[in-house]
Amino acid sequence: MSRALILILLLVGLIAASPPHKYTKKKGGKGHHYWNATENDALYTWEQAEGYLECEEFLNFPNLGQETKDLTLDERGYVRKQGKPRALEHMCPTRDCVPDVNSTEESPGCGFKRRTLKSGNWTTTNINLGRVDWFRDAYKRLAPYRGGEGNSLKTRIGMGVPIITKWYLDANYTVISATMSFYVPSLYQKNPPASLNKDVRVEQWDEVVTYSRTWGGTRDDVEYWPQSAKQFDYLSEALSREDLKWYSYLRLTGSYIGRKEVMLADRDIVVREIKEKGPDDKAESE
């Protein structure tokens, strides 16, 4: 699978996961699926919303007196072409977030957030990369488990955020397979119900250190859709600068309402897990 096709698949998935335009709560809505972007922008600085200090070289040149109408400037005076991502502090009090996803542990450098995600249970399904609507297809397969009709308790249990998509690469960095996962909510973490669908499995993930970048905006923003590829490039550059090692054959994307993330996993932790569970170690930093 070519790099261009990989990027197309990523973008289609992000489009499918996108919330309604302007992200504002609608009358009659259930609340979780809509949010107040104006409130988010007013309460949180860019650094607070992103969760890390952005590297200056990844930003546009400072505004030097040009017309500021229709431009978004951050607190340091840099022009931001994409929308401010929804702050995790704004989201997690009302959603069942993955534990430590809003970790305050200090990152060793600029341009990324370092997090230690604890071990936990997830519901997972394989993605059919041959489908144009691969995101919706996988999402619809997982949804009955959270809704009740697809789990052994026959009870609506909901789901935690973010939705995690894992992309597995071969030695040529070509995507060979992918999965989508929902986090089992805290109330059911210790004893999750069994899945009634043979194509949906409950699996326990080991604790892992991740490095992430985020962005926000709406589907109407010209600069919004190219962000995924750009953010992975920025992330690997920022990690290399700090001499941090990541596992090159696994890429992750996280989807929230109003927030998208790209993630890379700490190399040593993933390699240790691979050695314990089977495949040969083939990790290296990019």
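Further up the page is the structure itself.
As the structure is a computational prediction, the values presented were derived from the model and not from experiment.

What counts, and at which threshold
Residues numbered from 1 in each chain as written. Predicted model: local features only at pLDDT ≥ 70, side-chain atom pairs only at ≥ 80, totals over all residues. Heavy atoms only, no water. Helix = DSSP H or I, 4+ residues; strand = E, 2+ residues; numbered from the N terminus. Buried < 20%, exposed > 50% of the residue type's maximum accessible area, 1.4 Å probe, protein only. Contact = heavy atoms within 4.5 Å. Areas by Shrake-Rupley, 256 points an atom, 1.4 Å probe, with all protein chains shown as cover. Pairing = 2+ DSSP bridges. Axes fitted to C-alpha atoms, helices over the stretch in contact; angles between N-to-C directions.

Asker: What exactly am I supposed to notice about the overall build of the protein here?
Answerer: On a plain count of helices and strands, the protein comes out with seven helices and ten strands. Within the protein, buried positions represent 51% of all 286 residues. The long-range fraction of contacts in the protein, counting pairs at least 24 apart against all pairs at least 6 apart in sequence, stands at 69%. Carbon and sulfur atoms make up 50% of the accessible area of the protein, which amounts to about 14300 Å² in all.

Asker: Help me understand the environment of Gly-148, please; the structure alone is not making it clear to me.
Answerer: Positionally, Gly-148 belongs in the loop between α5 (134–147) and β5 (160–169). A relative accessible area of 4% places Gly-148 in the buried class. In the structure, Gly-148 is positioned 45 residues away from Pro-193 in sequence and 9.8 Å away in space, judged by C-alpha atoms.

Asker: Where do I start with the side chain of Gln-189 in this structure?
Answerer: Checked against the element boundaries, Gln-189 lands in the loop between β6 (175–183) and β7 (201–205). When neighbours within four sequence positions are excluded, Gln-189 is seen to be in contact with Gly-120, Asn-121, Tyr-183 and Val-184.

Asker: Would you take a moment to explain unusual backbone geometry for this structure?
Answerer: Negative phi is the rule for most residues except glycine; trans is the rule for most peptide bonds. A cis amide bond, omega 10 degrees, links Val-161 with the succeeding residue Pro-162. As for its position among the elements, Pro-162 is in strand β5. With a phi angle near 55 degrees, Lys-154 is a residue other than glycine that sits in the positive phi range. Along the polypeptide, Lys-154 turns up in the loop between α5 and β5. The exposed category is assigned to Lys-154, whose relative accessible area is 56%.

Asker: Sorry if this is basic, but what is going on with the sheet that holds strand β8 (residues 208–215) here?
Answerer: Picture the strands of a sheet paired through backbone hydrogen bonds; they go either parallel or antiparallel. On the basis of which strands lie adjacent, the open sheet formed by eight strands has the order β3-β8-β10-β9-β5-β6-β4-β7 and antiparallel pairing. One side of each edge strand has no neighbouring strand; the edge strands of this open sheet are β3 (113–117) and β7. Direction aside, neighbouring strands of the sheet carry axes that sit 35 degrees apart on average. One ladder, built from six bridges, connects β5 with strand β9 (residues 250–256); its direction is antiparallel. Bridge pairing in β9 places Trp-167 opposite Arg-251. Here α5 sits on the sheet in contact with β4 (120–126), β5, β6, β7 and β9, set at roughly 35 degrees to β6.

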